[in-house]
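Survey of secondary and tertiary structure
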Amino acid sequence: MKKIIKNAISIFLFLLLGISTALLVYLHFFAPGDTDLSGEWSTDLDMTEQAAVTALNWLQDIEAVSLSLEEMESYMQKLTIQVNMTMEETERSKGTFQCYIVPDSYDACNQAAYEAFARGFRELLGERLRMAGYAGGTGQEDMETLVAETFGMSTVSYLMSCGPALLPSFKDLQAQYEGSGTYEIVEDVLIRQFGDGGAAAIKEERYIRKDTDLVLLREGGSAIFDSSFDSYPIIYTLQHPIDR
């Protein structure tokens with residue numbers, strides 16, 4: 001009797017071990033990936049090319065000394081605006097989200113863009129004066145003094161007042177990147193539905209998740225999302241996961 005019980009227990013443990021092993025193999029090789037995106041995500045929108053092209057076009061319009069786009073971009077480096085996204089899973093592969101631009105990051109980016117523009121402008125102004133036979137100093141400080149005496153303001157203030165808008169307006173960026181609503185993941189396609197859920201407000205995004213990065217590639221959307229800023233790549237990085 002004891003032998004029968006012992007054999008039964010052994011068979012049961014063997015079967016349990018087999019089932020557990022099969023389950024682990026399935027979860028490792030075949031089960032769907034982790035679709036829980038709950039947490040605080042953040043991305044930086046690169047504004048360097050936008051600002052450099054706008055500044056270069058303005059300088060060409062006023063017939064300043066010729067300058068290449070690469071040279072202008074060398075003045076304007078790492079101009080970024082931060083966008084935060086909160087996602088919370090409410091059921092498997094579904095949840096809510098909210099995106100917003102960090103206002104301070106926009107202001108800081110705008111200020112940095114004009115300061116970089118001012119450095120390039122002073123450099124070009126000095127070069128233009130040297131070509132014209134100007135005998136005075138043509139360094140950065142000399143040109144800053146000259147601009148202040150001529151226009152009654154700093155080079156940065158002058159360019160902000162009389163120069164081009166180097167960045168898209170905060171309102172335009174809000175319309176492009178901010179919003180809240182619900183999301184659903186179907187076969188690795190992240191579908192975010194904004195606003196009140198109307199059909200016109202659906203925007204589809206395909207994502208690839210690798211470690212703490214969520215790469216979003218735009219697939220389509222309604223006219224309300226159409227914008228010249230769609231070329232900016234979006235890679236959200238998980239900052240703070242939501243504990244379960």
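Since this is a predicted model, take the numbers as computed values, not measurements. (Residues numbered from 1 in each chain as written. Predicted model: local features only at pLDDT ≥ 70, side-chain atom pairs only at ≥ 80, totals over all residues. Heavy atoms only, no water.)

With that out of the way, let us pick up the packing of aromatic side chains. Tallied over the entire structure, the rule returns five aromatic pairs. Between tryptophan 58 and phenylalanine 121, the aromatic rings sit 6.3 Å apart at their centres with planes inclined by 40°, giving tilted as the arrangement. Here tryptophan 58 is found in helix H2 (residues 48–61), whereas its partner phenylalanine 121 is found in helix H4 (residues 103–131), with 63 residues between them in sequence. Each member of the pair tryptophan 58 and phenylalanine 121 is classed as buried. Summarising the aromatic geometry, the rings of phenylalanine 121 and tyrosine 158 are spaced 6.1 Å apart at their centres and angled 45° between planes, so their arrangement reads as tilted. Here phenylalanine 121 is found in helix H4, whereas its partner tyrosine 158 is found in helix H6 (residues 155–162), with 37 residues between them in sequence. On the accessibility criterion, phenylalanine 121 (10% relative accessible area) is buried. Every member of this aromatic cluster is reached through a ring pair, and the members are Trp58, Phe117, Phe121, Phe151 and Tyr158. One residue, arginine 192, lies across the ring of phenylalanine 97, its end atom 4.8 Å from the ring centre. (Phe/Tyr/Trp six-rings, centres within 6.5 Å; stacked < 30°, edge-to-face > 60°. Helix = DSSP H or I, 4+ residues; strand = E, 2+ residues; numbered from the N terminus. Buried < 20%, exposed > 50% of the residue type's maximum accessible area, 1.4 Å probe, protein only. Lys NZ or Arg CZ within 6 Å of the ring centre and 35° of its normal.)

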